[in-house]
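One letter stands for each residue in the lines below.
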Amino acid sequence: MSLAMFRVMWLSLVHDRGALAMSFVLPVAFFLVLAEIFSGASGAEMQLKLVVVDERGTELSGRLTRALLASPAVDAVEGATTRAQAIELVRKGTADVGLIVRAEGRALDDVAGFGPAPLLIVSDPARAVAVPMLSGQVQQAFFAALPDVALGSVVSMLEDQYVELDEVQRADIAAGLNEMRTETEAGRQSGWSFAEMLEREDVAGQSAATNHVAYYAGAVAFLFLLFSSMQGALTLLEEQESGIVDRVIAGPGGIGALIDGKFVYLVAQGFVQMLLIFVVAWAVYGVDLPGSAGAWFVITVAACIAATGLSLLVAASCRTYLQAQNFSTVLVLIVSVVGGSMVPRFFMPDWLRDLGWLTPNTWVLEAYAAVFWRGEALAAVWLPCVLLGALGLLSWRMARLIAQRRAVL
């Protein structure tokens, strides 16, 4: 009896392609995508997209920037000759971070002097992890390309404090070094630190925490929008199996009226769902929803139209409820992980970032990022809004045509 039950369940699984995909294909696909993301993000293959502007133009600054850009961990971003252009590239996300050898700072060989730091890091708070990565690369390039400057700074410090190295001064040096070691072991910084060579400037007005909340508000909202839209659209197949669709077809509106009604309802439902998430993000974490209400409204409506249209197309294209349920789950999870709803796009390798543009998730998240991270107006996000709206409306029309054709057959 047990063997018979085993055989029945095995045959049911084999003949259900959706169940097969959920059981064996989806886990492998998820593993491959996530492994690719995190192996690239934590290993030697990850490259920092860096834009460099040398305002000083000296021999020392040239040596430093050439050594930095020659690092295999750095991917140089071209197209900036001024500080404003570099800031714009970071603000748009073309570069992960920027480095300015600024003219108003002290000289690179004046490591322990007074005045502004010679190096300025330009960063987006949403990509805060890029700052320590760049700091490490700059420090490595500094000591590799400018060893004479690093050694000279030590000599200068010794000359300033110990003019002649007699026995007493040697004892003073030993005492000073011992004090530095004690301070370091106690977790306190003593003496000159390379961090004094660097300053940081954020391209966005909000904190990193607020920007991260804004990102995940959009990511989570659209992820659950896709799930709820798919679930709502699948009622079309439930109604088909229960015979409700046959009675609707006999009415004056036909199957088209049923599709249209579900489309309007699911768009409205999705809008309320996303509104609640962003209201919580505003009330609890300070995401500036009131200040970007107009742009947020347009992006959200476009996102709801896209999710609803795709959901209806999936439901209309599948033959049974079980088939549609399995396929829609696989589809939502795949586009969400590739599109950035589950893992931030910053951690993805270049090929996966490019692939993300084929998903609606990426368009939605990039539109929200433009508004909430970079403070751009609605005019800056018209392209993703138009594409999302067009995708949703086209999918809705295709779902209508497929449903009408099947109703006739």
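Reading guide: rules and limits
- Per-chain numbering applies: the sequence of each chain, read as written, is numbered from 1 onward.
- At least 70 in pLDDT is required for a residue's local features to be given in this predicted model, at least 80 for side-chain atom pairs to be given and counted, and no such filter applies to totals for whole chains, interfaces and linings, which use all residues.
- Excluded from the side-chain calculations are hydrogens and water; all other atoms, namely the structure's heavy atoms, are used.
- Every helix listed is a DSSP run of H or I at least four residues long, and every strand listed is a run of E at least two residues long, numbered separately from the N terminus.
- Summary of the burial criterion: residues with accessible area below 20% of their type's maximum are buried, those above 50% are exposed, and those between are partly exposed, where the area comes from a 1.4 Å probe applied to protein chains only.
- Contact between two residues is taken to exist if any of their heavy atoms lie within 4.5 Å; hydrogens are not considered.
- Put simply, two rings from Phe, Tyr or Trp (the six-membered ring, in Trp's case) pair if the centres are within 6.5 Å, and we call them stacked under 30 degrees between planes, edge-to-face over 60, tilted for the rest.
- Nonpolar cores are built from buried Ala, Val, Leu, Ile, Met, Phe, Trp, Tyr and Cys residues. Side-chain atoms within 4.5 Å join them into one set.
- DSSP bridges decide pairing: two strands pair if at least two such bridges lie between them.
- Here an angle of 0 to 180 degrees is reported between the N-to-C directions of two axes, which are lines fitted to C-alpha atoms, with helices fitted over the stretch in contact.
- Take a side-chain nitrogen of Lys or Arg and a carboxyl oxygen of Asp or Glu: if they are within 4 Å of each other, that pair is a salt bridge.
- The pLDDT value expresses, per residue, how confident the predictor is, ranging between 0 and 100.
- Under the rule applied, a polar contact is a pair of N or O atoms within 3.5 Å (in protein, one hydrogen donor and one hydrogen acceptor; residues adjacent in sequence only if both atoms are side-chain atoms).
- Without a salt bridge and with relative accessible area above 30%, a residue can belong to a patch; like charges are then joined within 9 Å and nonpolar side chains (Val, Leu, Ile, Met, Phe, Trp, Tyr) within 5 Å.
- Using a 1.4 Å probe, accessible areas were evaluated by the Shrake-Rupley method; residue-level cover was limited to the displayed protein chains.
- By convention, orient the strands away from the viewer: a clockwise path from the first strand over the helix to the second makes the crossover right-handed.

Asks: How should I be thinking about the overall build of the chain in this particular structure?
Replies: Counting its secondary structure elements, the chain contains 16 helices and five strands. Each of the 409 residues in the chain was classed as buried or not, and the buried ones make up 46%. Partitioning the intrachain contacts of the chain with sequence separation of at least 6 by distance along the chain shows that 75% fall at a separation of at least 24.

Asks: Explanation requested: the packing of aromatic side chains in the structure shown.
Replies: Given two aromatic rings, one states the distance between the centres and the angle between the planes to describe the pair. Counting across every chain of the model gives eight aromatic pairs. Ring centres of Phe263 and Trp396 lie 4.8 Å apart, and the angle between their planes is 20 degrees; this geometry places the pair in the stacked category. Placement of Phe263 in helix 11 (residues 254-285) and of Trp396 in helix 16 (residues 382-408) is noted, with a sequence separation of 133 residues between them. The exposure class assigned to Phe263 is buried, which follows from its relative accessible area of 10%. A relative accessible area of 18% places Trp396 in the buried class. Ring centres of Phe271 and Trp296 lie 5.4 Å apart, and the angle between their planes is 55 degrees; this geometry places the pair in the tilted category.

Asks: What is the right way to read the nonpolar core from this model?
Replies: Grouped burial of nonpolar side chains is what soluble globular proteins tend to show. Grouped together as the largest cluster of nonpolar side chains are 60 residues, with contacts concentrated most on Phe278, Tyr368 and Phe372. Of all the secondary structure elements, the ones that give two or more residues to this core are helix 8 (208-233), helix 9 (235-242), helix 11, helix 12 (293-317), helix 13 (321-339), helix 15 (360-372) and helix 16. Tallying contributions element by element places helix 12 first for this core, with 14 residues. Those residues in contact with Tyr368 that lie beyond four places of it in its chain are Gly218, Met274, Phe278, Trp296, Ile299, Thr300 and Trp373. Residues Leu50, Val101, Val138 and Met197 belong to the second largest nonpolar core, which totals 23 residues.

Asks: Teacher, can you tell me more about the environment of Ala214 here?
Replies: With respect to the helices and strands, Ala214 occurs in helix 8. Residues Ala214 and Val371 lie 157 residues apart in sequence; the distance between their C-alpha atoms is 9.7 Å.

Asks: Explain the sheet that holds strand 5 (residues 198-202) here, please?
Replies: Backbone-to-backbone hydrogen bonds pair the strands of a sheet. The strands run either parallel or antiparallel. Spatially, five strands are ordered 2-1-3-4-5 in an open sheet, and the strand pairing comes out mixed. The open sheet is flanked by strand 2 (74-76) and strand 5, the only strands paired with a single partner. Between one strand axis and the next, the sheet turns by 30 degrees as a mean value, whatever way the strands run. The pairing of strand 1 (residues 48-54) with strand 3 (residues 97-101) spans five bridges and is parallel. Within strand 3, the residue paired with Val52 across the bridge is Leu99.

Asks: Could you clarify how one ought to interpret the pattern of salt bridges in this entry?
Replies: Side chains carrying opposite charge are able to pair once their charged atoms draw close together. This model, assessed by the stated rule, comprises six salt bridges. The shortest N-O distance in the salt bridge between Arg102 and Glu104 comes to 3.9 Å. A relative accessible area of 7% means that Arg102 is categorised as buried. Connected through salt bridges with shared partners, the residues Glu55, Arg83, Arg102, Glu104 and Glu199 form a single ionic network.

Asks: Sorry, what's going on with the confidence of the model for the chain here?
Replies: Residue-level pLDDT values for the chain average 77, and 68% of them are 70 or greater. Ranking the helices and strands of the chain by mean pLDDT puts helix 12 first, with 93, and helix 6 (residues 147-161) last, with 56.

Asks: Sorry, what's going on with the environment of Asp54 here?
Replies: Structurally, the position occupied by Asp54 is in strand 1. Its relative accessible area of 28% is what places Asp54 among the partly exposed residues. With 48 residues separating them in the primary sequence, Asp54 and Arg102 have C-alpha atoms 6.8 Å apart. Sequence-distant contacts of Asp54, that is, excluding residues within four places in its chain, are made with Ser61, Gly62, Thr65 and Val101. Within the structure, Asp54 has its side chain in polar contact with the backbone nitrogen of Gly57 (distance 2.9 Å). Among the polar contacts made by the side chain of Asp54, one reaches the side chain of Ser61 at a distance of 2.7 Å.

Asks: Please clarify how a nonpolar patch on the surface should be interpreted in this entry.
Replies: Taken together, the side chains of Trp382, Leu383, Val386 and Leu387 define a hydrophobic patch exposed on the protein surface, amounting to about 380 Å² of accessible area. Checked against the element boundaries, Trp382 lands in helix 16. Judged by relative accessible area, which is 52%, Trp382 ranks as exposed.

Asks: Could you clarify how one ought to interpret the pairing of strand 1 in this entry?
Replies: Moving residue by residue along a regular strand, the side chains alternate between the two faces of the sheet. For strand 1, a buried count of six out of seven residues is recorded, marking the element as mostly surrounded by other parts of the structure. Inspection of the sheet shows strand 1 paired to strand 2 by three bridges, in the parallel sense. Across the sheet, the residue bridging to Lys49 is Asp75, located in strand 2. The parallel pair strand 1 and strand 2 is bridged by helix 3 (residues 59-69), and the resulting crossover is right-handed.

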